[in-house]
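Each chain is listed here by its residues.
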Amino acid sequence: MGLEQVSIGEFVAAAAGPPRFRAKHMPTQTVSQELHTEVSRLIALFCIADDTDTFILNNRWVGGDIWSQELADYTDPIWETVVLRSSAKTFEAIPTGPDSVCRMEWAGGFVQWNAVAVEPFTYLGEPVTFGVGGALAYATAVDGRPHELLVELELPSRLGEWRLRRSPTPSAFVLARHAVTS
């Protein structure tokens, strides 16, 4: 698949502009029904593609959550948002359906799933084409290696403004409609 990990800043710089990206997402299980509506979805994986590039966003645990004698408690877990860039062909290769199976590897790791739903993103039954606006992220480092976590990504579309936000569960995002555009 030829995946390359890029920073959130590099992703926004490369993808910024008017709506041109089609999208796929992986819904996650939750008992919070308000997170699975037409205007809000809890998701674990977000993929967008235009005629040139595919970008895949996924959060992964990178450290922390270990016992600290100094704190007499567990350290905070550290998560990062992995942004992968590839050719437009990668988007088509990502299987959809209720029982999709896939493994994607790059120099820094892999993401895989087995028998979970991956769906094209639609709103009221219509495919949504996204643009990419600004992003808010925070950065930290573990053992000298930097990590970024996406807090919010603006996703304008002709069907309204959307936001991809960090969820209460660090392994997921909330993709929610923000406001109607004119």
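Quick caveat: nothing in here was measured; it's all calculated off a predicted structure. (Residues numbered from 1 in each chain as written. Predicted model: local features only at pLDDT ≥ 70, side-chain atom pairs only at ≥ 80, totals over all residues. Heavy atoms only, no water.)

## So, the nonpolar core
Stage number 1. Grouped together as the largest cluster of nonpolar side chains are 25 residues, with contacts concentrated most on Phe11, Phe46, Leu57, Leu153, Leu155 and Leu164.
Stage number 2. Of all the secondary-structure elements, those providing two or more residues to this core are helix H1 (8-15), strand S2 (17-27), strand S3 (40-49), strand S4 (53-63), strand S12 (130-132), strand S14 (145-157), strand S15 (160-166) and strand S16 (173-179).
Stage number 3. With four residues, H1 is the single largest residue contributor to this core.
Stage number 4. Other than its neighbours up to four places away in sequence, Phe46 contacts Ala23, Lys24, His25, Phe55, Ile56, Leu57, Phe130, Leu155, Leu164 and Leu175.
Stage number 5. Counting 17 residues, the second largest nonpolar core, distinct from the first, contains Leu45, Ala49, Ile56 and Trp106. (Core = buried A, V, L, I, M, F, W, Y, C linked by side-chain atoms within 4.5 Å. Buried < 20%, exposed > 50% of the residue type's maximum accessible area, 1.4 Å probe, protein only. Helix = DSSP H or I, 4+ residues; strand = E, 2+ residues; numbered from the N terminus. Contact = heavy atoms within 4.5 Å.)

## Brief notes about the environment of Gly131
Stage number 1. Along the chain, the position of Gly131 falls in strand S12.
Stage number 2. Separated by 17 residues in sequence, Gly131 and Glu148 have C-alpha atoms that sit 21 Å apart.
Stage number 3. Discounting residues that sit within four places of it in the chain, Gly131 has contacts with Gly17, Pro18, Pro19, Arg20, Glu154, Leu155 and Pro156.

## Quick notes on the pattern of salt bridges
Stage number 1. Scanning the model with the defined rule gives eight salt bridges in all.
Stage number 2. Its salt-bridge partner being Arg22, residue Glu92 comes within 3.0 Å of it at the nearest N-O pair. With Glu92 in helix H2 (residues 88-93) and Arg22 in strand S2, this pair connects stretches of sequence that are 70 residues apart.
Stage number 3. According to the relative accessible area criterion, Glu92 is exposed, its value standing at 54%.
Stage number 4. A salt bridge links Glu105 to Arg103, with the shortest nitrogen-to-oxygen separation between them at 2.7 Å.
Stage number 5. Here Arg103 falls in the partly exposed class, since its relative accessible area comes to 41%. (Salt bridge = Lys/Arg side-chain N within 4 Å of Asp/Glu carboxyl O.)

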